[in-house]
Amino acid sequence: MYDVNSKCADDFINHEEILETLAYADENKENIELIDSIIEKAKKRKGLTHREASVLLACPIEEKNQEIYKLAEQIKKDFYGNRIVMFAPLYLSNYCINGCTYCPYHAKNKHIPRKQLSQEDIRREVIALQDMGHKRLALEAGEDPVRNTMDYYLKSIETIYSIKHKNGAIRRVNINIAATTVDNYRLLKEAGIGTYILFQETYHKESYLELHPTGPKHDYNYHTEAMDRAMEGGIDDVGLGVLFGLDKYRYEFAGLLMHAEHLEAAFGVGPHTISVPRLKHADDINPEDFDNGIDDDTFAKIVACIRIAVPYTGMIISTRENQKTRERVLHLGISQISGGSRTSVGGYCEPEPEDEKSEQFDVSDNRTLDEVVRWLMEMDYIPSFCTACYREGRTGDRFMSLCKSGQIQNCCHPNALMTLKEYLMDYASPETKAIGDKLIDREVLNVPNEKARAVVLENLRLIEQDNRR
Ligand code: SAM
């Protein structure tokens, strides 16, 4: 039975409700009156239900789709301005005891070299990341309770936060690791993580069980209820995502929004972020073996529909996507992107020899962080290295209420400009710095309050003189 408040995954991601939603969306996908009323509701920027958003996703009418894209772009601007938050993944370990059929880490893959970073390796990787200019990391690891223990993660987080190197310091560590217990989530919170990220992979329970035939991840309910446990353990920023390509995208879309609705109903705070990974080629994995790949147009439509359905949720795109796709979806709702990423364990310090690849998937955007930052600024985006919300405790519902009321922009815009200035001074190539300085000169005029503008200008001047507060 569908029950948004229930703590049981079978109730809040209810299969029958998804099937009914898809049937309703099919019946109404050309119902112009209904579609117009849903678009009007979306314009109020309070979000849409999974049923309403599913109708828009199914709609084939070109004119209406253009309205959806335009609205997604406007909502993105209203909530996030032209800022794009930068981050990098850091792969800690690819040891894994699960049998996920789409992932090269699966336990039966005997030819992928297995590695786990020591604390000393982590130091070296983090210094390499700091030398690029990164301030925000997403830790990644396979599931191996013997090797990748909670103690190992806690120690790794402590190591990362402790590394001070030149002007660098990692100020926010997010983590994407297997579903765990309330007690462990509490420990992660105490260790100072930002967002706990866990991709659902697929919301279709039957497919899930087939795609995860062995290992602890086989337990669909334990995996799907992980965010509830994370919130019970005090983590208020959680990141959802499905791996598009595993099952039918319209099913996944409805499930994803139902998950967001459940978190909002049960805890008063929806997901902090939603990621939209697509299945990629990897060692031992051929995406063509899976039937549900989606084309670029469908992918763009999914991003736009998520944007208007959950306007206050950050959206993340990784280097699984190439430059062209990233550019397209940035306009439609993405607010965070990775840059200069390596998806192999230890890859920031030592590029791997061709015959010893341990990457998690093939990267489609191989540009350096400097190139990604320049590219963003050439499109008039402000790459932001800001982590102020997190440091000042504006997480979870405090962040959401600020974001929902649009207020977050009053502090985010100036902070983005100041952290960009620091990046330009410390790490950028001369060409990138020249473009960035011009962008900052233009953007500082958009700080609405005159007093605040004067403060920002003074801070920018001090950073330019290498005199930081
Ligand atoms: N062990 C954690 C878990 O169980 O969720 C984290 C997993 S992994 C390091 C991060 C994500 O990579 C997975 O959740 C999955 O969605 C994605 N992934 C796995 N194989 C992939 C592939 N072939 N292409 C693209 N993404 C993939």
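Given the structure is predicted, the values throughout are model-derived calculations rather than measurements.

Enquirer: Which residues make up the layout of surface pockets, and what are the values?
Expert: Of the volumes computed, that of the largest pocket is approximately 770 Å³. Contributing to the lining of the largest pocket are 48 residues, with Glu140, Asn176, Phe199, Arg320 and Gln360 lying nearest its centre. Those elements that place two or more of their residues in the lining of the largest pocket are strand S1 (83-93), strand S2 (136-141), helix H10 (220-224) and strand S7 (314-317).

Enquirer: Any details on unusual backbone geometry? Residues and values, ideally.
Expert: We note that Arg45 has phi near 60°; this positive angle belongs to a residue other than glycine. The topology assignment puts Arg45 in the loop between helix H3 (32-43) and helix H4 (50-58). The backbone of Glu201 shows a phi angle near 70°, a positive value even though the residue is not glycine. Note on placement: Glu201 falls in the loop between strand S4 (193-197) and helix H9 (205-211). Note on Glu201: relative accessible area 9%, which makes it buried.

Enquirer: Report on the packing of aromatic side chains, specifying residues and quantitative values.
Expert: By the definition in use, this model includes 5 aromatic pairs. Relative to Tyr153, the ring of Tyr152 lies with its centre 5.9 Å away and its plane at 55°, an arrangement referred to as tilted. Each member of the pair, Tyr152 as well as Tyr153, carries the same accessibility label: buried. A ring pair is formed by Phe385 and Tyr423, whose centres lie 4.7 Å apart and whose planes are at 10°; its orientation type is stacked. Of this pair, Phe385 sits in the loop between strand S9 (382-384) and helix H16 (388-391) while Tyr423 sits in helix H18 (residues 408-426), placing them 38 residues apart in sequence. You'll find Phe385 and Tyr423 in the same group, each marked buried.

Definitions and cut-offs
Residues numbered from 1 in each chain as written. Predicted model: local features only at pLDDT ≥ 70, side-chain atom pairs only at ≥ 80, totals over all residues. Heavy atoms only, no water. 1 Å grid on protein atoms, 1.4 Å probe; cavity = no way out; pocket = protein on both sides within 12 Å on 5 of 7 lines; lining within 4 Å. Points joined across faces, edges and corners; volume = space filled by probe spheres on them. Helix = DSSP H or I, 4+ residues; strand = E, 2+ residues; numbered from the N terminus. Buried < 20%, exposed > 50% of the residue type's maximum accessible area, 1.4 Å probe, protein only. Phe/Tyr/Trp six-rings, centres within 6.5 Å; stacked < 30°, edge-to-face > 60°.

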